[in-house]
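Residue-level listing of the chains:
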Amino acid sequence: MNMELILDLLEFYGHRVTEAEDGIKALERLAEKKFDIILLDMQLPKMDGLEVLDRIKKNPVTADIPVIAVTAHAMKGSEEHFIEMGCVDYISKPIDIHRFRSLIDKYLGE
């Protein structure tokens, strides 16, 4: 439900969206075309978000794409952990639509 909200919000803001239902599909999508930003759910099936993030950051083609972690398990220290791993920011579920919009605008330079 949260991912549907994120997709709907991004489309409402006028962005083109490509989704992937699991970590393996996410990496396949990244190999197919260039993206301006990645919203990465940390609890993905088949390959967790941290492994996907690691592969994104080790690939010279995708390493510079800003990654925002999306997580339902935001605890004290989560933000620092995701930043240390290579994310530029994170957003916790349930989504605060005002913070979400400001993050998207910040990292897409709008």
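- Under the annotation held in an unreviewed UniProt entry, the protein carries the name Two-component response regulator and is attributed to Methanosarcina siciliae T4/M.

## Details of the overall build of the protein
Then, in step 1: The helix and strand tally for the protein stands at 5 helices and 3 strands.
Then, in step 2: For the protein, the α and β elements follow one another from N to C terminus as α-α-β-α-β-α-β-α.
Then, in step 3: A compact globule built from 110 residues should have a C-alpha radius of gyration of about 13 Å, and the protein, at 13 Å, falls within 12% of that.
Then, in step 4: In terms of principal-axis extent, the alpha carbons of the protein reach across some 35 × 30 × 25 Å.
Then, in step 5: Taking all 110 residues of the protein together, the buried fraction comes to 38%.
Then, in step 6: Sequence-distant contacts in the protein: of pairs separated by 6 or more residues, those separated by 24 or more amount to 51%.

## Description of the layout of surface pockets
Then, in step 1: Taken as a whole, the largest pocket holds about 830 Å³ of empty space.
Then, in step 2: Surrounding the largest pocket, 30 residues form its lining, V17, T18, E19, F35 and I37 being those nearest its centre.
Then, in step 3: Looking at the lining of the largest pocket, the elements that each hand over two or more residues are helix 1 (2-12), helix 2 (23-32), strand 1 (38-41) and helix 3 (49-58).
Then, in step 4: For the lining of the largest pocket, the residue count by class is 18 nonpolar, 3 polar and 9 charged.

Here is what the cut-offs are and how they apply
- Residues numbered from 1 in each chain as written.
- Predicted model: local features only at pLDDT ≥ 70, side-chain atom pairs only at ≥ 80, totals over all residues.
- Heavy atoms only, no water.
- Helix = DSSP H or I, 4+ residues; strand = E, 2+ residues; numbered from the N terminus.
- Rg over C-alpha atoms; globule rule 2.2 N^0.38 Å.
- Buried < 20%, exposed > 50% of the residue type's maximum accessible area, 1.4 Å probe, protein only.
- Contact = heavy atoms within 4.5 Å.
- 1 Å grid on protein atoms, 1.4 Å probe; cavity = no way out; pocket = protein on both sides within 12 Å on 5 of 7 lines; lining within 4 Å.
- Points joined across faces, edges and corners; volume = space filled by probe spheres on them.
- Nonpolar A, V, L, I, M, F, W, Y, C, P; charged D, E, K, R; others polar.

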